[in-house]
Amino acid sequence: MKYRCIMVKSVTYAQKSKKILENNGIMAYISKQNKGDQYTCSWCVRVPYFQESTAVKLLEENGVKMTGYIFDV
């Protein structure tokens, strides 16, 4: 299965994201992002690629601060 990594600004937002998504039926995993110096404080919230748009919408509605970057995993 393919996944997308939605970047969030802190571990606190990553944990909040995981809880929000799982409460809405979206399996989510969090991990520290290490794509480079520009993402040093960012965390990855990994979701199935076909649920990316729903996940982003849920996170926006719940006030999660995202970096704006989304990557293939």
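Look above for the structure.
Our subject in this report is the structure included herewith. (Residues numbered from 1 in each chain as written. Predicted model: local features only at pLDDT ≥ 70, side-chain atom pairs only at ≥ 80, totals over all residues. Heavy atoms only, no water.)

### Overview of the pattern of salt bridges
Under the defined criterion, the tally for this structure stands at three salt bridges. Note that Asp72 is salt-bridged to Arg4, the shortest N-O span being 2.5 Å. Note that Asp72 is positioned in strand β4 (residues 66-72) and Arg4 in strand β1 (residues 3-8), a separation of 68 residues in sequence. Here Asp72 falls in the exposed class, since its relative accessible area comes to 60%. Across the pair Glu22 and Lys18 runs a salt bridge whose closest N-O atoms are separated by 2.7 Å. Within this pair, Glu22 and its partner Lys18 are both found in helix α1 (residues 11-23), separated by four residues, close to a single helical turn. The exposure class assigned to Glu22 is partly exposed, which follows from its relative accessible area of 35%. (Salt bridge = Lys/Arg side-chain N within 4 Å of Asp/Glu carboxyl O. Helix = DSSP H or I, 4+ residues; strand = E, 2+ residues; numbered from the N terminus. Buried < 20%, exposed > 50% of the residue type's maximum accessible area, 1.4 Å probe, protein only.)

### Details of the sheet that holds β4
In spatial order, the strands read β2-β3-β1-β4; together these four strands make up an open sheet with antiparallel pairing. Every other strand in the sheet has two partners, leaving β2 (29-32) and β4 as the edge strands with one partner each. Within the sheet, the average angular offset between the axes of one strand and its neighbour, ignoring direction, is 25°. Of the strand pairs in this sheet, β2 and strand β3 (residues 43-48) are connected by four bridges, and their pairing is antiparallel. Across the sheet, residue Ile30 finds its bridge partner in β3, namely Val45. Sheet strands in contact with α1 are β1, β2 and β3, and its direction is about 20° off that of β3. Where helix α2 (residues 52-61) meets the sheet, it contacts β1, β3 and β4, and its direction lies at approximately 165° from that of β4. (Pairing = 2+ DSSP bridges. Axes fitted to C-alpha atoms, helices over the stretch in contact; angles between N-to-C directions. Contact = heavy atoms within 4.5 Å.)

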